[in-house]
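# Notes for the structure review
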Amino acid sequence: MYGNDFSEPPEQPGARSLLDQVADAERDLELAAQQDRPTGTEDDYFMAVIAADQKIEPRDWMPEKYRKNLIRQIAQHAHSEIIGMQPEGNWISRAPTLKRKAILLAKVQDEAGHGLYLYAAAETLGVDRAELSDMLIDGRQKYSSIFNYPTLTWADVGAIGWLVDGAAIVNQVPLCRASYGPYARAMIRVCKEESFHQRQGYEILHVLSHGTPEQKAMAQDAVDRWWYPSLAMFGPPEGESPNTAQSMAWKVKRFTNDELRQRFVDMCVGQAEILDLTLPDPGLVWNEAEGRHDYTQPDYDELFRVIKGNGPCNRERITHRKAAHEGGQWVRDAAEAYAKKKAKVSA
Ligand code: BYC
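Just so it is clear, the structure is predicted and the values come from calculations on it, not from any experiment.

Moving on, we get to the overall build of the chain. Across its full length, the chain holds 14 helices and 2 strands. A compact globule built from 347 residues would reach a C-alpha radius of gyration of about 20 Å, and the chain, at 21 Å, matches this within 12%. Seen through its C-alpha atoms, the chain measures out along the principal axes to roughly 65 × 55 × 35 Å. Split into buried and exposed, the 347 residues of the chain put 50% on the buried side. Within the chain, contacts between residues separated by at least 24 positions form 75% of all contacts whose residues are at least 6 apart in sequence. Accessible surface, the chain: about 16900 Å² in total, of which carbon and sulfur atoms supply 55%.

The following block contains the structure:
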């Protein structure tokens, strides 16, 4: 078994692999598009579309708060993809073989593509991408806490693939059913690619954990450092997650942060056994009565510190992003000049 070939915990009847769930969401999305649309006044129509599990599309009327909530979440998601290129990019020039280097390059490029799908989805809500980039750089919008941790060894590239991309898929598979059409469609594509990313990380760790004692120790050290930050990626726990209730009522989010975190823990246990690596939590035990694992929660004070800008690499990430943005100004200028010239010629 490999990476996300694992389905939901086997004790759940009818468990489907994560990729099967993406395929189910894609099929349901196509079926919903063939159904008659509800009728009614603006508010009735909006709620009826959501109740019928159809999709709200860019030209549909939507409450202002729904629009704002989506811009907030999709922009944060897009920024995470773009900032997420940095920790892995750190290893492109030091990948151990040419093959590893080519795979990593492709993966990091994929993340840029995910950012583009997501910025494009956000733009359908009437916000300008340039404005979103400014908001990332000046700290008005967030990006995932996870990318503020350093990648110290090659094994960290494996741990990011297995744990960070693994957490990302568990979070994003339900978003394939988000009520906003452009976001749901972007997520279907992202999840398919992300599943490959998770496999490559899992494979890196598998090779290391079955290599020399030094390689195995390096893999274990990476898992020890990335486990709790990966659990924290799912966001604050129930009671400290102000956006969840409304987001679930609008069917943007389908599960709470805690439900998805639990799903991730249950999925990783079997995978860690095959890797022959230990998850760094002495409190991690199977709870027969509940049909799930008990586990130690991540340090949420640390999560909030990192979100507020005080993680190990926050400043470095934003400084780098700002420099890349400024350095790319000539490309944007050239693209704009070319588009203008082309428009003149065809007019
Ligand atoms: N980091 O009410 P809550 C990837 C914020 S990219 C930072 O629970 P919500 C990859 C939250 O925004 C993966 N901030 O919020 C890329 C909110 O603040 P505001 C990125 C966090 O939205 C490259 C406040 O805390 N995935 O995988 O209901 C290479 C309260 O939280 C975090 C996504 O973005 C955090 N971890 O739930 C490799 C998925 N957690 O906005 C891999 C899409 C919470 O009210 N997003 N906050 O000021 C989501 O699913 C949801 O937005 C979240 C949070 C589950 C993250």
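The next point concerns the environment of F46. Tracing the backbone through its elements, the reader meets F46 in helix α2 (residues 42-51). In this structure F46 comes out as buried when scored by relative accessible area, which is 0%. Measuring from C-alpha to C-alpha, the distance between F46 and I56 comes to 7.4 Å, with 10 residues separating the pair along the chain. Residue contacts for F46: discarding those within four places in its chain leaves I56, W61, M62, P63, Y66 and W250.

Turning next to the packing of aromatic side chains. Enumeration over the complete set of coordinates arrives at 8 aromatic pairs. Geometrically, the ring pair formed by Y66 and W250 is edge-to-face, given 5.5 Å between the ring centres and 85° between the ring planes. One end of the pair, Y66, is in helix α3 (residues 64-83); the other, W250, is in the loop between α10 (244-249) and α11 (257-275), with 184 residues separating them in the sequence. When sorted by exposure, Y66 lands in the same class as W250, which is buried. Ring centres 6.4 Å apart and planes at 65° place the aromatic pair Y149 and W226 in the edge-to-face group. With Y149 in the loop between α6 (129-137) and α7 (154-172) and W226 in helix α9 (residues 213-232), this pair connects stretches of sequence that are 77 residues apart. Here Y149 and W226 have matching classes, each one buried. Among the aromatic side chains, those forming a connected cluster through ring pairs are F46, W61, Y66 and W250. Between R94 and the ring centre of W91, over which it is positioned, the NZ or CZ distance is 4.1 Å. Lying across the ring of F255, R263 places its NZ or CZ 4.3 Å from the centre.

Let's shift gears to α9. Look at α9: 30 Å from first C-alpha to last across 20 residues, which is about the 28 Å you get at 1.5 Å a residue. Of all the positions in α9, only A219, Q220, A222, V223, W226, W227, P229, S230, L231 and A232 are classed as buried.

A separate point is the nonpolar core. With 84 residues, the main nonpolar core has Y66, I74, W162, Y180, Y183, W226 and F264 as its most contacted residues. With 11 residues, the top contributor of residues to this core is α7. Beyond its immediate stretch of four places on either side in the chain, Y180 contacts I56, E57, P58, M62, Y66, L70, I74, A121, T124 and L125.

Neighbouring residues of the ligand: 33 residues in total, closest Q76, K142, S241, K253 and N257. Separating an oxygen atom of the ligand from a side-chain N or O atom of Q76 is a distance of 2.6 Å. Separating an oxygen atom of the ligand from a backbone N or O atom of P242 is a distance of 3.2 Å. Computed on the free molecule, the ligand has an accessible area of 1000 Å², of which 92% lies beneath the protein chains in the complex. Contributions of two or more residues to the shell around the ligand are made by α3, α7 and α12 (300-310). In terms of residues, the shell around the ligand owes the most to one element, α3, which gives 6 residues. Split by residue class, the shell around the ligand holds 12 nonpolar, 14 polar and 7 charged.

In contact at an axis separation of 9 Å, helix α8 (residues 181-209) and α11 are set at 35° when each is read in the N-to-C sense. Note on element contacts: α11 touches α8 through M267, Q271, I274 and L275, opposite Q198, Y202, L205, H206 and S209. Partitioning the contact of α8 with α11 into residue classes produces 5 nonpolar, 4 polar and no charged.

So, about unusual backbone geometry. Of note in the backbone geometry, D53 takes a positive phi value of approximately 60° without being a glycine. You can see D53 is positioned in the loop between α2 and α3. Given the relative accessible area of 38%, D53 is considered partly exposed.

The rules behind each value
- Counting of residues starts from 1 at the beginning of each chain's written sequence and follows it residue by residue.
- Residue-level local features of this predicted model are given only where pLDDT is at least 70; pairs of side-chain atoms are given and counted only at 80 or more, and the full residue set underlies all totals for whole chains, interfaces and linings.
- With hydrogens and water set aside, each side-chain value is computed from the structure's full complement of heavy atoms.
- In DSSP terms, a helix is any run of H or I states spanning at least four residues, a strand is any run of E spanning at least two, and both are numbered starting from the N terminus.
- Computation of the radius of gyration draws on C-alpha atoms, with the globule rule given as 2.2 Å multiplied by the number of residues to the power 0.38.
- Burial classification: accessible surface area is computed with a 1.4 Å probe over protein chains only, and a residue below 20% of its type maximum counts as buried, one above 50% as exposed, and the rest as partly exposed.
- Residues are treated as being in contact if the distance between any of their heavy atoms lies within 4.5 Å.
- In short, Shrake-Rupley with a 1.4 Å probe defines the accessible areas, and a residue's cover is counted only from the protein chains shown.
- Any two rings among Phe, Tyr and Trp, with Trp reduced to its six-membered ring, count as a pair given centres within 6.5 Å; such a pair is stacked if its planes are under 30 degrees apart, edge-to-face if over 60, and tilted if neither.
- Here, a charge over a ring means that NZ of Lys or CZ of Arg falls within 6 Å of the ring centre while also lying within 35 degrees of the ring normal.
- Expected span of a helix: the number of residues minus one, times 1.5 Å.
- Working definition of a nonpolar core: buried Ala, Val, Leu, Ile, Met, Phe, Trp, Tyr and Cys residues. They are joined through side-chain atoms within 4.5 Å.
- Proximity is defined per residue: if any heavy atom of the residue lies within 4 Å of a molecule or strand, that residue is considered near it.
- What qualifies as a polar contact is a pair of N or O atoms within 3.5 Å, subject to a donor-acceptor requirement within protein and to the restriction that residues adjacent in sequence count only when both atoms come from side chains.
- For this classification, the nonpolar set comprises Ala, Val, Leu, Ile, Met, Phe, Trp, Tyr, Cys and Pro, the charged set comprises Asp, Glu, Lys and Arg, and every other residue, Gly included, is treated as polar.
- The convention used is that axes are lines fitted to C-alpha atoms, helices contributing only their stretch in contact, and that angles between N-to-C directions extend from 0 to 180 degrees.

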